[in-house]
Structure formats: structure tokens, C-alpha cells
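# Overview (structure and organization)
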Amino acid sequence: YEITANDRLSKSRMKDQSIVFVKSNSKPPYSGSFTIYEGEFNQYYGCRIELWFDPYDESEEYKVAQRNYIVEGWQF
């Protein structure tokens, strides 16, 4: 999320591109990656990254952690 406007960044892609599957018998650390496509090169802005857990058994997902970062805009 962009911090000042609380806008979800790269909304149409983020969930599919950042998902990490974890088996019950696997041990941490888990890792994954994602790209935020908003902004321009050399443009910095604050964003909030949230980590969510979505159980396989279809019970309700919940937020595990969140942290704020300063990110630089991205360009092709």
C-alpha cells in the first residue's frame, strides 16, 4: 500500500506474483519476491508491505506482519 493515500500497489498482480506455498512440515525461513510497478525512476515514496497467511483449509486469512519502507519508482 502507498502510505499517504492507502492505495493498494500493483493490485491486479500482487497476490498471484507474491504467493509462497508452505507445507506443514517445511521449516523457515520462507522466501518470495515481488515487483511494485507504480512510480517513476528516481521518485521515492513510502509504502506498507503486509504479510498475510491464507490457510489451505479455507478458514479466514489473517495478517501476520507489516512493515513500512521507502521504495523507488520502477520503469522499463
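Everything that follows concerns the structure shown earlier in this document.
Parameters at a glance
- Numbering of residues starts from 1 in each chain and follows the order in which that chain's sequence is written.
- Only residues with pLDDT of at least 70 are given local features in this predicted model, and only at 80 or more are side-chain atom pairs given and counted; all residues enter the totals for whole chains, interfaces and linings.
- To obtain the side-chain values, all non-hydrogen atoms of the structure were used and water was disregarded.
- Exposure above 30% relative accessible area and the lack of any salt bridge qualify a residue for a patch; like charges then connect within 9 Å, and the nonpolar side chains Val, Leu, Ile, Met, Phe, Trp and Tyr within 5 Å.
- Using a 1.4 Å probe, accessible areas were evaluated by the Shrake-Rupley method; residue-level cover was limited to the displayed protein chains.
- Salt bridges are identified by distance alone: a Lys or Arg side-chain nitrogen within 4 Å of an Asp or Glu carboxyl oxygen.
- For helices the rule is a DSSP run of H or I covering at least 4 residues; for strands it is a run of E covering at least 2, with both sets numbered from the N terminus onward.
- A pair of aromatic rings is counted whenever rings of Phe, Tyr or Trp (Trp by its six-membered ring) have centres within 6.5 Å, and the orientation is called stacked for planes under 30 degrees apart, edge-to-face for over 60 and tilted otherwise.
- Exposure classes here rest on a 1.4 Å probe applied to the protein chains alone. A residue is buried below 20% of its type maximum, exposed above 50%, and partly exposed in between.
- Over a ring means this: the NZ of a Lys or the CZ of an Arg is within 6 Å of the ring centre and within 35 degrees of the ring normal.
- Take the buried Ala, Val, Leu, Ile, Met, Phe, Trp, Tyr and Cys residues and link them wherever side-chain atoms come within 4.5 Å; each set so joined is a nonpolar core.
- Any two residues whose heavy atoms approach within 4.5 Å at even a single point are treated as in contact.
- For this analysis, a polar contact is any N or O atom pair within 3.5 Å, provided that within protein one partner can donate a hydrogen and the other can accept it, and provided that sequence-adjacent residues contribute only side-chain to side-chain pairs.

## Things to note about a nonpolar patch on the surface
Nonpolar side chains collect at one region of the surface, where L51, F53, Y62 and V64 lie side by side and expose about 390 Å² of accessible area between them. Looking at the nonpolar patch, the elements that each hand over two or more residues are β1 (44–53) and β2 (62–72). Structurally, L51 is set in strand β1.

## Concerning the packing of aromatic side chains
Evaluation of the coordinates by the stated rule reveals one aromatic pair. Look at F53 and Y62: their rings are 5.5 Å apart centre to centre, the planes differ by 55°, and that puts the pair in the tilted class. Since its relative accessible area comes to 44%, Y62 is described here as partly exposed. Seen from the ring of Y37, R13 lies directly overhead, with NZ or CZ sitting 4.1 Å from the centre.

## Overview of the nonpolar core
Membership of the largest hydrophobic core is limited to six residues, which are L9, M14, I36, Y45, C47 and V71. Discounting chain neighbours no more than four positions away, the residues touching V71 are Q43, Y44, Y45 and C47.

## Overview of the side chain of S10
Take S10: it is sitting in the segment before α1 (14–18). Note on S10: relative accessible area 5%, which makes it buried. A polar contact is formed between the side chain of S10 and the backbone nitrogen of Y37, at a distance of 2.9 Å. The contacts of S10, once residues within four sequence positions are left out, are T35, I36, Y37 and E38.

## A word on the pattern of salt bridges
Under the criterion given, the structure shown has three salt bridges. Ionic pairing is found between R48 and E50, a salt bridge with its closest N-O pair at 2.9 Å. Like R48, the residue E50 is buried in the burial classification. Of the charged contacts, one joins K63 and E50 as a salt bridge, the two residues approaching to 3.5 Å between their closest N and O atoms. Linking K63 in strand β2 with E50 in strand β1, this pair joins segments that are 13 residues apart in sequence.

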